[in-house]
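Analysis of the macromolecular model
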Amino acid sequence: MKKWLIMLLTTILGLIGLAGCSNDDTASGDGKVEITYGFWDKKQVTAIDEVIKLFNEKYPDIKVKTEMTPYGQYFQKLETAATGAALPDVMWMNGAHVEKYAEGKVILPLTDLAKKENYDLDNYPKSLIDLYTVKGEIFGIPKDFDTTGLWYNKKIFDEAGVPYPDDTWDWSKLKEVAKKLTDKDKGIWGYAALMGNQGGYYDFIWQNGGYIISDDGKSVGFDQPEAIDALNYNISFIKEGLSPTQAQMTETAASELFSSGKVAMMFDGPWMVQEYKNNPDINVAVVPKGKQRAVAIHGLANVIAANTKHKDASWKFVQFLGSKEAADIFAKTGTVIPAYNDTQDAWIQAVPNINLQAFIDGVDYSVPLPSVIRTGEIWQYETDVLKKAWSEEESVDDAVRELTEKANEALSK
Amino acid sequence: MNTKAKLKVSNLTKTRKSSDFFWAYLMIAPTMLGLFIFYLWPIFQTLYFSFTEWGAFGQYEWTGLDNYKRMLEDTNLLKSFKNTGIYIIITVPIGIFFSIIIAVLLNQKIKGKSVYRTLYFLPVITMPAAIAMVWKWLYNSDYGLLNYLLSLFGIKGPQWVSDPKIALYSIIVVAIWSGIGYNMVIFLSGLQGIPKSYYEAAEMDGAGPISVFFKITLPLLSPVIFFVSITSLIGAFQVFDLIFMMIGKSSTALESTQSVVYLFYQHAFVLNDKGYAAAIAVLLLIVILIITAIQMVLQKKWVHYD
């Protein structure tokens, strides 16, 4: 009899163990509601934790669990999670993906919610509200925005006796200074010609008068002469030995080469402030002019999953993330430029040793990062194809032909 | 034994048997359930999805054989099978060769035996991602340890993971290194299963260590070698993590290193082309089945079961 009992118990325990795996009740033991918050930037964890702490002072019964996924995997994970109806309750969204997620009905339209509670959308720059408005409905509350600046290492400039970059610079000046600063013996490159769209070839193409996606959204402009010139200009830094090669930059990230004093100048966004602010050698200036000055502007927003079980709690959290209080925390830590109007001054003052005004100036000549349903796919093709040009395996002409063909096909679907 | 007694015995075995079966099935039920939900069901689902085309967020439509037709023209797929083939042809035999040698050596009476065994087994319990990250730094062409050591001899080291001609072989080295410990332990247990009397007899007949190895150890180890060759071949077909971690997305060496599973990942999760990805997975399943079947047939020629 005893043996019989043991066997039964073993079986029951086994089955319970199995059932335990599928337990997805999100309410935690002490009666609190728990919501999850998905985002990708490790550099913002401190600020986010602080915001959540402040949020809990107001709403002690809502627990927020953070889920950090590196950007490289973030949208893959979201896509899969959305397919399996397992999205985080609240999450970051970017301009490239919002249309797809909105039309796929996996994120919640916020227009009615905002109306009901008189939530004021005029507190954010209109361009950002427009970015997250799909077919007349707003889907995300803007969190921050970013432009591009020319980051530079003062020490390398001083040692070479070259004046720092300013707003008189143009493309030829950038090249000229890069030549002066490149020092093969010390292993220093003048400029990192990074293969990236925002803060990279997109900016250069616009500076040269080109376009990325046509106004009717049916074709891309990579094969236009302005774009080809811009790409050739970028790659010429590598060809002339003024920039690390594509292979070197995939082995060691350009930003690491830059922060360790191996690269004198590079384009990058304000999201690097957190990383660079303790380095006394690093500063930033406005980007040089081509035919005109231009940089991409883009901002993130917080969105709510359409199938969330805790709609009220999520909406409360999103409202708080979009509040002035939250914006002030992001400003104070210098993490990113908060989207909430008039909190930018606090951001500029947060890190006085870096000329953050350069990024605010960027707003004046900024171009919104293009967004169509297939943006994510086009970005993938850009990486796949342009890397052949960047590594000098293929000419720019051949690469843009292939890229244009693939991207146009994606746009026609 | 009279007939009555016989009948009683057979009745007893009969009842005993059915209740045994009942308990046996009850005991394995949780595992069977898990196997069915997490292994068998997905296989059939994958087969079904390989005939579909996917849109955003899980909408799909039946497209029949379209995905398989598309495969015929996909040069990337061919390339990824070629890369996987090179990877298998090198890692499996060399991996088995080294693990046998090390297992035999560690089966001797040497000092610090357990320390060596632990050292060789360490990479197995390390996360593949951690292994890949550490090796990625060792391999770094400008700042890595490997090229630094080479530079001491005045040699300029290659770009281990970004030169398309070398990158695959750099990964192979890591794969062999990290796989040796696991196979070694299996070989060690196999070696310890060989009865001592064979060796004593060989010693009496005056056989040298080399002929003992080839005439006794290797033939008696052949069932274990067979097992290891099948599992490591299947494992090698599924290589993904090392490539994913060590070769960047914008790396120039990606085309010459991407494996079949990497291509599957690319289609399923990056391009959201899940139907085609499922078709790739089905193709891979078929290829592995065929090769395993061939191995099963060939084993009759070289595997000795005592």
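Everything in this summary refers to the structure shown in the same document. (Residues numbered from 1 in each chain as written. Chains lettered and ligands numbered in written order. Predicted model: local features only at pLDDT ≥ 70, side-chain atom pairs only at ≥ 80, totals over all residues. Heavy atoms only, no water.)

Description of the pairing of strand β6 (residues 141–146) of chain A
Residues and elements named next belong to chain A. Within β6, six of the six residues are buried, which leaves the element mostly enclosed by the surrounding structure. The sheet contact formed by β6 and strand β11 (residues 295–304) spans five bridges and is antiparallel. Across the sheet, the residue bridging to D144 is L300, located in β11. Taken together, the two bridges between β6 and strand β12 (residues 337–338) define a ladder with antiparallel strand orientation. When the bridges of β12 are listed, D144 appears paired with P338. (Buried < 20%, exposed > 50% of the residue type's maximum accessible area, 1.4 Å probe, protein only. Helix = DSSP H or I, 4+ residues; strand = E, 2+ residues; numbered from the N terminus. Pairing = 2+ DSSP bridges.)

Notes on the interface of chain B and chain A
Frequently, the measure chosen for interface size is the accessible area that the parts lose on association. Listed per partner, the contact involves 33 residues of chain B and 35 residues of chain A. Regarding the contact of chain B and chain A, the summed buried area is about 3,000 Å², with carbon and sulfur atoms giving 62% of it. When the buried surface of chain B facing chain A is broken down by residue, B:W23, B:F57 and B:Y143 rank first, second and third, together holding 23% of it. Among the salt bridges present, the one from A:K387 reaches B:E255, with a minimum N-O distance of 3.9 Å. Listed by contribution, the elements that provide at least two residues to the side of chain B that touches chain A are α1 (3–49), α5 (128–139), α11 (254–257) and α12 (260–270) of chain B. Per-element accounting of the side of chain B that touches chain A gives the leading share, five residues, to α1(B). When grouped by side-chain class, the residues that make up the side of chain B that touches chain A number 18 nonpolar, 10 polar and five charged. (Contact = heavy atoms within 4.5 Å. Buried area = accessible area lost by both parts, 1.4 Å probe. Salt bridge = Lys/Arg side-chain N within 4 Å of Asp/Glu carboxyl O. Nonpolar A, V, L, I, M, F, W, Y, C, P; charged D, E, K, R; others polar.)

Let's talk about the packing of helix α2 (residues 45–58) of chain A against helix α15 (residues 324–332) of chain A
Residue and element names in this part refer to chain A. α15 packs onto α2 with a crossing angle of 155° between their chain directions and a minimal axis gap of 9 Å. Here α2 is positioned roughly antiparallel relative to α15, judged by the angle of their axes. The element α2 and its partner α15 pack so that their crossing is right-handed. Residues A47, I48, E50, V51, L54 and K58 of α2 pack against E325, A326, I329, F330 and K332 of α15. Across the contact of α2 with α15, the residue classes break down as seven nonpolar, no polar and four charged. (Axes fitted to C-alpha atoms, helices over the stretch in contact; angles between N-to-C directions. Parallel < 35°, antiparallel > 145°, perpendicular 65-115°, else oblique. Left-handed = near helix turned anticlockwise from the far one by under 90°.)

Considerations on the nonpolar core
Within the largest apolar cluster, 145 residues are counted, with the highest numbers of intra-cluster contacts made by A:W151, A:Y191 and A:M265. With eight residues, helix α10 (residues 225–239) of chain A is the largest single contributor of residues to this core. Among all residues touching A:Y191, those that are not within four sequence positions of it are A:L150, A:L174, A:A178, A:F204, A:F237, A:L242, A:S243, A:P244, A:V263, A:M265, A:M266 and A:F267. One finds B:I88, B:A175, B:L233 and B:Y262 within the second-largest nonpolar core, a separate group that totals 57 residues. (Core = buried A, V, L, I, M, F, W, Y, C linked by side-chain atoms within 4.5 Å.)

Observations regarding the sheet that holds strand β7 (residues 149–153) of chain A
Residues and elements named next belong to chain A. As summarised here, the arrangement of the four strands in space is β8-β9-β7-β10, forming an open sheet in which the pairing is mixed. On the outer flanks of this sheet lie β8 (189–191) and β10 (282–285), each paired with one strand and no other. The average angle at which neighbouring strand axes cross in this sheet is 25°, direction not considered. With two bridges connecting them, β8 and strand β9 (residues 263–268) associate as parallel partners. Within the sheet, the bridge partner assigned to W189 lies in β9 and is V263.

Details of the packing of aromatic side chains
The geometry of an aromatic ring pair is captured by the separation of the ring centres together with the interplanar angle, meaning the angle of the planes. Here the structure, examined in full by the defined rule, presents 58 aromatic pairs over all chains. A ring pair is formed by B:F22 and B:W23, whose centres lie 5.3 Å apart and whose planes are at 70°; its orientation type is edge-to-face. The class for B:F22 is partly exposed, based on a relative accessible area of 49%. Given a relative accessible area of 15%, B:W23 falls into the buried group. For the cation-ring pair, A:K100 lies above B:F57, with the distance from its terminal atom to the ring centre recorded as 5.8 Å. In this structure, A:K143 is placed above the aromatic ring of A:F330, and the distance from its NZ or CZ to the ring centre is 4.3 Å. (Phe/Tyr/Trp six-rings, centres within 6.5 Å; stacked < 30°, edge-to-face > 60°. Lys NZ or Arg CZ within 6 Å of the ring centre and 35° of its normal.)

Focus on helix α19 (residues 396–412) of chain A
The α-helix winds at 3.6 residues per turn, so residues separated by three or four positions along the chain end up facing the same way. Residue and element names in this part refer to chain A. The end-to-end C-alpha distance of α19, which contains 17 residues, comes to 24 Å, matching closely the 24 Å that a straight helix rising 1.5 Å per residue would cover. All buried positions along α19 are accounted for by V396, A399, V400, L403, T404, A407, A410 and L411. Here the buried residues of α19 occupy an arc of 130° about the axis, which is enough to place them on one side. Exposed residues pointing more than 90 degrees away from the buried face of α19 are listed as R401, E405, E409 and S412. Next to the buried residues of α19 lie α10 and α18 (375–390). (Expected span 1.5 Å × (residues − 1). Arc of directions from axis to C-beta.)

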